[in-house]
There are 2 protein chains.
Amino acid sequence: MNLANLTTSEILEGIYANNVAIVSKAITIVESTKPQHRLIANAIISGCISKKQDSIRIGITGVPGAGKSTFIEQFGGLITSTGKKVAVLTIDPSSRRTKGSILGDKTRMQELVKNPNAYIRPSASGSSLGGVTRKTRESIVILEAAGYDCILIETIGVGQSETAVHDMVDFFLLLKIAGAGDELQGIKRGIIEMADAIVITKADGDNIQRAKLAKMEFTRALHMFPPKENGRSPEVLTCSAIELKGLHEIWELIVTYCNTMKASGHFLNNRRRQNENWLIQYLEQELLSEFYRHPKTMELLPQLKNEVINGNSSPFLAAEKLLKALKSH
Amino acid sequence: MNLANLTTSEILEGIYANNVAIVSKAITIVESTKPQHRLIANAIISGCISKKQDSIRIGITGVPGAGKSTFIEQFGGLITSTGKKVAVLTIDPSSRRTKGSILGDKTRMQELVKNPNAYIRPSASGSSLGGVTRKTRESIVILEAAGYDCILIETIGVGQSETAVHDMVDFFLLLKIAGAGDELQGIKRGIIEMADAIVITKADGDNIQRAKLAKMEFTRALHMFPPKENGRSPEVLTCSAIELKGLHEIWELIVTYCNTMKASGHFLNNRRRQNENWLIQYLEQELLSEFYRHPKTMELLPQLKNEVINGNSSPFLAAEKLLKALKSH
């Protein structure tokens, strides 16, 4: 099959049939910045959205070294063992300073890669978090139409990527390794407010005692935070991905949580509020990419930038010049 | 004088003459979201930009409790005692969760408020960091045209506001109080990379020993970071704002730093790179506010939002509908 010549409806059929090559191609189209791909992407998303699927979207965050890869490798395997299909996406806006990828090479999750009921997609790259966010949301829609019941979205605690992930998931998991005490010092308050559960990873060997202490400290500290809008406070658990301990409890917690939230209406309300944000972010993203694709912008912006960099124009006047040119176009 | 009836050139004359009432009015116009104010704001900024001033822009960040207000109160006073005029601005994007102001009521800096060579402007409020950023940049331009030699821009370590402030200053100061050891745990790595100096505050009374230890720990830890592009590593100092100790050294450090950077060309290069970012952010901000002011948006967006919230439309299709309506308008 030559993937390059597929029609939109052939792509959609392939997605519905869980044809992995076609799913990957569809995500590539969605991630593309080429205008001709945007049209096909829109048709694909429309087709996928109409095919409603029951799914659980789980966000997983943690600093480098918190054991995210090992956790997802084993946790993903556990989910497939319950008869579900699992897909893993990452949100990885390129670092502003280094322009490099934060998460680095994706030769991780060696076992999960080979699992027929799992799909792993390396990160969408992009210069803006907004762009990455939109692509991730659209990838989720494709993966759900392809029959994945559980979508894991991984991110690293950099900038506002956790907020972005939190805004597209049903359950938000913070991974943390036990440190030398003083556990709450090292994490941003905002993450604690977002987390539905905190998991102390690597609770094995010499680490068990420290992990237990960290669990106690977190549990105690979390009492100081008010419960969330849905009435819940985050739970604290420990796990060992290499010894396969504690993973089942985490999965049980998430399933129970989602069922409770579905019964109370919070699950749907949360998704609808997320959809409202998606609408706004989609609109803004589209407007900006239209602006950057505009012939007047492509003609004038590079020289205006140069004028500003060389000190021959103020940023303010340069911007006004371009905006005027766009209006008279 | 009735400020409401001033012409743009009268406002500009007032700014150049350091008429504080007119400076405040000009900043209020710049902060306004009303379209009719935007036109006058543009004229004011054009006029102020053409009046080039030598200035030092200093960013000051630190968590609540780090002693920012007390520090700025005394540090601002010290700068005016060297014969310079100082202005204080804050970057305070309203918290996303609470919708309230982070920095709270500004009945702080009681002494500096009364100082004839100091100007304090409470925070521009706004729902987006981009909006606050643009207003702050424009306020800086007005204050420099009004003859302020030193602009202090205060922020709190929330979200990306430090990155925003770092992107508009010549020197970036991180304030930190000595804790119970483990100093580096509690701060985001990104801030360390941005800081030109770290100041341990409240180094007085019982705290002196802890402050000295914290200084040592930071100095040691900073050796692990590579030097910045300009060849420098951040310096670590201690100070006591209430005992007026260490403030002079900080001011000396900043002046020497700026002179060295001016000689090497880094000062100007940095400002030009900041201007390039300003150009881009200004353009994007203008495009988005134009979109939200558009009659078609004002007509359709509320009902599309409702459809999405009520589950009657997907965010994706709702967005496409509005974009189509805008194009055919």
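Calculation criteria
- Residues numbered from 1 in each chain as written.
- Chains lettered and ligands numbered in written order.
- Predicted model: local features only at pLDDT ≥ 70, side-chain atom pairs only at ≥ 80, totals over all residues.
- Heavy atoms only, no water.
- Contact = heavy atoms within 4.5 Å.
- Buried area = accessible area lost by both parts, 1.4 Å probe.
- Salt bridge = Lys/Arg side-chain N within 4 Å of Asp/Glu carboxyl O.
- Polar contact = N/O pair within 3.5 Å; in protein donor to acceptor, adjacent residues only side chain to side chain.
- Helix = DSSP H or I, 4+ residues; strand = E, 2+ residues; numbered from the N terminus.
- Nonpolar A, V, L, I, M, F, W, Y, C, P; charged D, E, K, R; others polar.
- Least-squares fit on C-alpha atoms with pLDDT ≥ 70 in both.
- Expected span 1.5 Å × (residues − 1).
- Buried < 20%, exposed > 50% of the residue type's maximum accessible area, 1.4 Å probe, protein only.
- Arc of directions from axis to C-beta.
- Pairing = 2+ DSSP bridges.
- Axes fitted to C-alpha atoms, helices over the stretch in contact; angles between N-to-C directions.

In the annotation of an unreviewed UniProt entry, chain A is listed under the name LAO/AO transport system kinase and assigned to Maribacter dokdonensis.

Caption draft 1: Focus on the interface of chain A and chain B. Taken together, the contact between chain A and chain B spans 49 residues of the former and 49 residues of the latter. Across the interface of chain A and chain B, roughly 4700 Å² is buried in total on both sides, 67% from carbon and sulfur atoms. Considering only the side of chain A, the residues that lose the most area to chain B are Leu279, Leu283 and Phe316 of chain A, jointly responsible for 14% of the buried surface there. Counting every contact that joins chain A to chain B gives three salt bridges. Between Lys327 of chain B and Glu290 of chain A there is a salt bridge, with the nearest N and O atoms lying 3.2 Å from each other. Where chain A touches chain B, the interface holds 12 residue pairs in polar contact (both at pLDDT 80 or more). Secondary structure elements with two or more residues in the side of chain A that touches chain B: helix H3 (35-50), helix H11 (266-293), helix H12 (295-309) and helix H13 (315-327) of chain A. Per-element accounting of the side of chain A that touches chain B gives the leading share, 16 residues, to H11 of chain A. Partitioning the side of chain A that touches chain B into residue classes produces 22 nonpolar, 12 polar and 15 charged.

Caption draft 2: Main features of the relation of the copies chain A and chain B. You can overlay chain A on chain B at an RMSD of 0.1 Å; the transform is a turn of 180° with a shift of 0.0 Å along its axis. Taken together, the rotation and translation describe the operation of a two-fold axis.

Caption draft 3: Just helix H9 (residues 208-222) of chain A, in detail. Residue and element names in this part refer to chain A. Compared with an ideal rise of 1.5 Å per residue, which puts 15 residues at 21 Å, H9 spans 21 Å between its outermost C-alpha atoms and is within 8% of the ideal. All of the buried residues in H9 are Ala211, Ala214, Phe218, Ala221 and Leu222. In a view along the axis of H9, the buried residues occupy a sector of 95°, so they form one face of it. Away from the buried face of H9 by more than 90 degrees, exposed residues Gln209, Leu213 and Arg220 are located.

Caption draft 4: Spatial organisation of the sheet that holds strand S2 (residues 86-91) of chain A. Residue and element names in this part refer to chain A. Taken in spatial order, the seven strands make up an open sheet running S3-S2-S4-S1-S5-S6-S7, and their pairing is parallel. Looking at strand neighbours, the two that pair on one side only are strand S3 (118-120) and strand S7 (235-238), the edges of this open sheet. Strand-to-strand twist across the sheet, computed as the mean angle between neighbouring axes with direction ignored, equals 20°. Bridge count for strand S1 (residues 56-61) against strand S4 (residues 150-155) is six bridges, and the pairing is parallel. Bridged to Gly59 within S4 is Ile153.

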